[in-house]
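Examination of the molecular architecture
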Amino acid sequence: MVIGASGQIGSELVVELRKIYGTGNVWATDIKTPRAGVADEGPFQVLDVMDDKQLIHFVIRNKITQIYHLAAVLSGNAEKLPIQAWNINMDSLMNILEVARMVEDVKKVFWPSSIAVFGPTTPRVNTPQLTTMEPITVYGISKLAGERWCDYYYNKYGVDVRSVRYPGLISYKTEAGGGTTDYAVEIYYEAVRNGRYTSFLQEGTALPMLFMPDAIKGTIDLMEAERSKLTIHSSYNLGGFSTTPEQITAEIRKHIPDFAISYNPDFRQQIAESWPQSVDDTVTRMDWGYETKYDLEKMTGIMLEEIRKKTNH
Ligand code: SER
């Protein structure tokens, strides 16, 4: 069962899970009906993860064995409505952990954390797995609290909940909404559509990023890993590549030489500056063999080509 199946990660994860487990064995759920594809290619249910009764009935009735809970309010949007974002991010996770604790059929849970769990007092380059964590955003606070709850349910109740701290995720199928790393998706769309982009992050702002196929493979590999190999029950650092708006610009210009960038930083600049520039994922690689295939150059070629096809440019 995938919760948040219409979102940036969910819409691609459902497709991959259906290849592995069979279309009929993967339930896509969301409060919204998804883009064409997910809903008509296999089982889909409109479901609000905040409704704990509807959730538990659904899980029992459909004999759900694994839950991927991806619904969340991202960093930028959460700053606009802090209390609502906190309630959505926390209550939904608690509903899932409780279902996993109570329903015996449920064997594994995946819940994403984020680089947002770190803050200005964290070392920003090669951020270690275990380090100072003083997030300054509502989103980051909710993810850090969530990590502690995951670890708690693992230790206290034996709930097999697995998690990674995603860096910024870049993809062309479904756009993210309201995140700080979203500029790195928007820049490709605007390059193809208009040949120019105004970045809401300043030149020189380095953040860790990951191309969606690597993120999806990593997520599924973690869920498939032998439980005995896992030593982290809060959330694993997940590396990719570190990049800045001007580095992406330079790569885009190899394909679109006239591409123009300008900078108009907004409130998300401060958020970005409190996050790591790169993360150390040695433990992740050692425990369950995480690896990536795409760097900025390879990803840029694919992003531009796919967005051109999608937007008929
Ligand atoms: N990509 C997310 C955001 O920017 C971070 O997890 O909010």
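I will try to describe carefully the structure that is included in this document. (Residues numbered from 1 in each chain as written. Predicted model: local features only at pLDDT ≥ 70, side-chain atom pairs only at ≥ 80, totals over all residues. Heavy atoms only, no water.)

Considering the overall build of the chain
The line we're drawing: Segments assigned H or I by DSSP are reported as helices when at least four residues long, segments assigned E as strands when at least two residues long, and all are numbered from the N terminus. Restricting the calculation to C-alpha atoms gives the radius of gyration, and the globule rule supplies 2.2 Å times the number of residues raised to the power 0.38. Residue exposure (1.4 Å probe, protein chains only): buried if accessible area is under 20% of the type maximum, exposed if over 50%, otherwise partly exposed. Whether two residues are in contact is decided by their heavy atoms: any pair within 4.5 Å suffices. Each accessible area value is a Shrake-Rupley result obtained with a 1.4 Å probe; residue values ignore everything except the protein chains displayed when judging cover. Charged residues are defined here as Lys and Arg on the positive side and Asp and Glu on the negative side; His and the ends of the chain fall outside this count. Taken as the charge centre is NZ of Lys, CZ of Arg, CG of Asp or CD of Glu, depending on the residue.
Scanning the chain from terminus to terminus reveals 12 helices and 14 strands. The globule rule puts the C-alpha radius of gyration for 313 residues at 20 Å, and the 19 Å found for the chain is close to it. Seen along its three principal axes, the alpha-carbon backbone of the chain occupies a region of about 55 × 45 × 40 Å. Residues classed as buried in the chain amount to 56% of the 313 residues present. A fraction of 78% describes how many contacts in the chain between residues 6 or more apart in sequence connect residues 24 or more apart. For the chain, the exposed surface amounts to about 13,300 Å²; the carbon and sulfur share of it is 50%. Of the charged side chains in the chain, 32 are positive and 39 negative, and the gap between their average positions amounts to 3 Å.

Details of empty space enclosed by the protein
To keep things clear, this is the line we draw: A cavity here means a set of points on a 1 Å grid, drawn over the protein atoms and nothing else, where a 1.4 Å probe fits but cannot get out; a pocket is an open set with protein on both sides within 12 Å along at least five of seven lines, and a residue lines either one if it has an atom within 4 Å of a point. Grid points are joined across faces, edges and corners, and a volume is the space filled by probe spheres set on the points.
Scanning the entire structure with this criterion turns up one cavity of 30 Å³ or more. Here the largest cavity is characterised by a volume of approximately 30 Å³. Around the largest cavity, the lining residues are Ala 71, Ala 72, Asn 89, Trp 111, Ser 142 and Lys 143.

A few points about the packing of helix 9 (residues 245–253) against helix 12 (residues 296–311)
For clarity, the cut-off: Lines are fitted to the C-alpha atoms to define the axes, a helix being fitted only along its stretch in contact, and any angle between axes, read from their N-to-C directions, falls within 0 to 180 degrees. To sort the angles, those under 35 degrees are grouped as roughly parallel, those over 145 as roughly antiparallel, those from 65 to 115 as roughly perpendicular, and the leftovers as oblique. Each crossing gets its handedness from the near helix: less than a right angle anticlockwise from the far helix is left-handed, clockwise is right-handed. Residues are grouped as follows: Ala, Val, Leu, Ile, Met, Phe, Trp, Tyr, Cys and Pro are nonpolar; Asp, Glu, Lys and Arg are charged; every other residue, Gly included, is polar.
Relative to each other, helix 9 and helix 12 sit at 60 degrees, their axes nearing to 10 Å. The orientation of helix 9 relative to helix 12 falls into the category oblique. Two packed elements cross with a definite hand, and for helix 9 against helix 12 that hand is right-handed. In this structure, helix 9 contributes Gln 247, Ile 248, Glu 251 and Ile 252 to the contact, and helix 12 contributes Leu 296, Glu 297, Thr 300 and Leu 304. Each residue belonging to the contact of helix 9 with helix 12 can be placed in one class, and the counts come to four nonpolar, two polar and two charged.

Thoughts on the pattern of salt bridges
Close approach of charged atoms allows side chains with opposite charge to pair. Under the convention used in this document: We define a salt bridge as a contact between a side-chain nitrogen of Lys or Arg and a carboxyl oxygen of Asp or Glu at a distance within 4 Å.
For the structure on display, the rule yields 14 salt bridges. Glu 16 is the partner of Lys 19 in a salt bridge, and the nearest nitrogen-oxygen pair spans 2.8 Å. Residue Lys 19 and its partner Glu 16 are both found in helix 1 (residues 10–21); the two are separated by three residues, about one turn of the helix. Residue Lys 254 pairs with Glu 251 through a salt bridge whose shortest N-O separation is 3.0 Å. Relative accessible area serves as the criterion here: at 56%, Lys 254 is assigned to the exposed category. Linked through salt bridges whose partners overlap, the residues forming this network are Asp 160, Arg 162 and Arg 227.

Side note on the sheet that holds strand 5 (residues 108–110)
Selection criterion: Paired strands, as defined in this entry, are two strands with at least two bridges between them according to DSSP.
Spatial strand order, 3-2-1-4-5-7: six strands in an open sheet with parallel pairing. Strands at the two margins of the open sheet, each flanked by one partner only, are strand 3 (44–46) and strand 7 (161–162). Sitting on the sheet, helix 5 (residues 82–102) is in contact with strand 1 (2–3), strand 4 (66–69), strand 5 and strand 7, with an inclination near 175 degrees to strand 4.

Concerning the layout of surface pockets
Roughly 970 Å³ of internal volume is contained in the largest pocket. Forming the boundary of the largest pocket are 44 residues, of which Gly 7, Leu 70, Ala 71, Ala 72 and Leu 74 lie nearest the centre. Those elements giving two or more residues to the lining of the largest pocket turn out to be helix 4 (75–80), strand 6 (113–114), helix 6 (138–157) and strand 9 (168–170). The residue makeup of the lining of the largest pocket, split by class, is 21 nonpolar, 16 polar and seven charged. Of the voids in this model, the second largest pocket is the one considered here, and its volume is about 230 Å³. Lining the second largest pocket are 13 residues, and of these Met 1, Asn 25, Val 26, Thr 65 and Gln 66 sit closest to its centre. Of all the secondary-structure elements, those providing two or more residues to the lining of the second largest pocket are helix 1 and strand 4. Per-class residue counts for the lining of the second largest pocket are seven nonpolar, five polar and one charged.

Section: the site of the ligand
What counts is decided by this rule: Note on definitions. A residue lies near a molecule or strand when any single heavy atom of the residue is within 4 Å of it. Pairs of N or O atoms are called polar contacts if they sit within 3.5 Å, as long as, within protein, a hydrogen donor faces a hydrogen acceptor (for residues adjacent in sequence, only side-chain-to-side-chain pairs). For a molecule to be placed in a cavity or pocket, more than half of its atoms must lie within 2 Å of the grid points of that cavity or pocket.
Contacts to the ligand come from Leu 74, Ser 75, Ser 114, Tyr 139, Gly 179, Thr 180, Thr 181 and Trp 275. One of the side-chain N or O atoms of Tyr 139 is found 2.9 Å from an oxygen atom in the ligand. Within the side chain of Thr 181, one N or O atom sits 2.8 Å away from a nitrogen atom of the ligand. Taking 240 Å² as the accessible area of the ligand by itself, protein coverage stands at 93%. Its atoms largely coinciding with the cavity grid, the ligand occupies the largest pocket. Split by residue class, the shell around the ligand holds three nonpolar, five polar and no charged.

A look at the environment of Thr 33
Note on placement: Thr 33 falls in the loop between strand 2 (28–30) and helix 2 (38–41). Spatially, the C-alpha atoms of Thr 33 and Glu 16 are 19 Å apart, while their sequence positions differ by 17 residues.

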